[in-house]
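Letter by letter, the chains look like this.
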Amino acid sequence: MSRHDITTDTWQRIESIVCPTREERRGRPTKDARNILNGIIWILRTGAPWRDLPREFGPWQTVYKRFNSWSKSSLWQDVLLELSHEADLEAILLDGTYVRAHQHSAGAKGGAMLRPSDVVAAV
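Residues numbered from 1 in each chain as written. Predicted model: local features only at pLDDT ≥ 70, side-chain atom pairs only at ≥ 80, totals over all residues. Heavy atoms only, no water.

> Account for the overall build of the protein chain, with residues named and values stated.
Along the backbone of the protein chain there are five helices and zero strands. For the protein chain, the N- to C-terminal ordering of α and β elements is α-α-α-α-α. Looking at the 123 residues of the protein chain, the share that counts as buried comes to 20%. Restricting to contacts in the protein chain with at least 6 residues of sequence separation, those with at least 24 account for 56%. About 10,400 Å² of surface is accessible on the protein chain, with carbon and sulfur atoms providing 53% of the total. (Helix = DSSP H or I, 4+ residues; strand = E, 2+ residues; numbered from the N terminus. Buried < 20%, exposed > 50% of the residue type's maximum accessible area, 1.4 Å probe, protein only. Contact = heavy atoms within 4.5 Å. Areas by Shrake-Rupley, 256 points an atom, 1.4 Å probe, with all protein chains shown as cover.)

Structure, rendered in structure tokens:
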């Protein structure tokens, strides 16, 4: 299992959303949805172009088409809703070192000073 693959526990929670059971299937057998999802996660984590997707996830065109069809449906919202039920909110942290501002955004020397025209415009 690659470090980009989803865990078995996570897959069991979202499998019913990603692969709904169909009584009657037509056409070609579908590709493994877990492998397709792992390919999508690999693309999203690495930022690589679709054509650079490793062959272990299947043809990049198949993975892209499935991603595109899932994006047009409400599948991603359903998956995020399911995974958010047991979210670990302790892990959410925003530190000031991650928030970056331009060097000139600190303000001018002496702080912000209001000019009389600014005061009139504000009133």
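Back to the text.
> So what about the packing of helix 1 (residues 8-18) against helix 4 (residues 75-84)? Which residues, and what values?
For the pair helix 1 and helix 4, the least separation of the axes is 10 Å and the interaxial angle reads 145 degrees. In the crossing of helix 1 with helix 4, the sense of the turn from one axis to the other is right-handed. Listed contacts from helix 4 to T10, R13, I14, I17 and V18 of helix 1 are L75, D78, V79, E82 and L83. The residue inventory of the contact of helix 1 with helix 4, partitioned by class, reads six nonpolar, one polar and three charged. (Axes fitted to C-alpha atoms, helices over the stretch in contact; angles between N-to-C directions. Left-handed = near helix turned anticlockwise from the far one by under 90°. Nonpolar A, V, L, I, M, F, W, Y, C, P; charged D, E, K, R; others polar.)

> Break down the packing of helix 1 against helix 2 (residues 33-46) for me, citing the residues and quoting the values.
Between helix 1 and helix 2, the least distance of the axes is 11 Å, while the angle of their chain directions is 110 degrees. For the element pair helix 1 / helix 2, the angle class is roughly perpendicular. On helix 2, the residues that touch T8, W11, I14 and V18 of helix 1 are A33, R34 and L37. Here the residues of the contact of helix 1 with helix 2 are counted per class, giving five nonpolar, one polar and one charged. (Parallel < 35°, antiparallel > 145°, perpendicular 65-115°, else oblique.)

> Before we move on, can you summarise the packing of aromatic side chains with the specific residues and values?
Tallying each qualifying case throughout the model produces four aromatic pairs. Their ring planes at 70 degrees and their centres at 5.4 Å tell us that W50 and Y64 sit as a pair that is edge-to-face. With W50 in the loop between helix 2 and helix 3 (60-72) and Y64 in helix 3, this residue pair connects regions lying 14 residues apart in the sequence. Each ring, one from W70 and one from W76, has its centre 5.7 Å from the other, and the planes form 80 degrees; the classification is edge-to-face. In textbook terms, an aromatic cluster arises when at least three aromatic residues are bridged by ring pairs, as seen for W50, Y64, F67, W70 and W76. (Phe/Tyr/Trp six-rings, centres within 6.5 Å; stacked < 30°, edge-to-face > 60°.)

> Lay out the nonpolar core with the relevant residues and their values.
Grouped together as the largest cluster of nonpolar side chains are 18 residues, with contacts concentrated most on W11, I14, V18, L37 and W70. Put simply, the parts of the chain that give this core at least two residues each are helix 1, helix 2, helix 3 and helix 4. The biggest single contributor to this core is helix 2, with seven residues. Residues contacting W70, with those up to four places away along its chain left out, are V18, A33, I36, L37, I40, L75 and W76. (Core = buried A, V, L, I, M, F, W, Y, C linked by side-chain atoms within 4.5 Å.)

> Before we move on, could you go through the side chain of R34 and cite the residues and values that matter?
In this structure, R34 sits in helix 2. Buried R34, no salt bridge; nearest opposite-charge side chain is D32, N-O distance 6.6 Å. Side-chain polar atoms of R34 contact the backbone oxygen of I6, separated by 3.1 Å. (Lys, Arg positive; Asp, Glu negative; His and termini not counted. Salt bridge = Lys/Arg side-chain N within 4 Å of Asp/Glu carboxyl O. Polar contact = N/O pair within 3.5 Å; in protein donor to acceptor, adjacent residues only side chain to side chain.)

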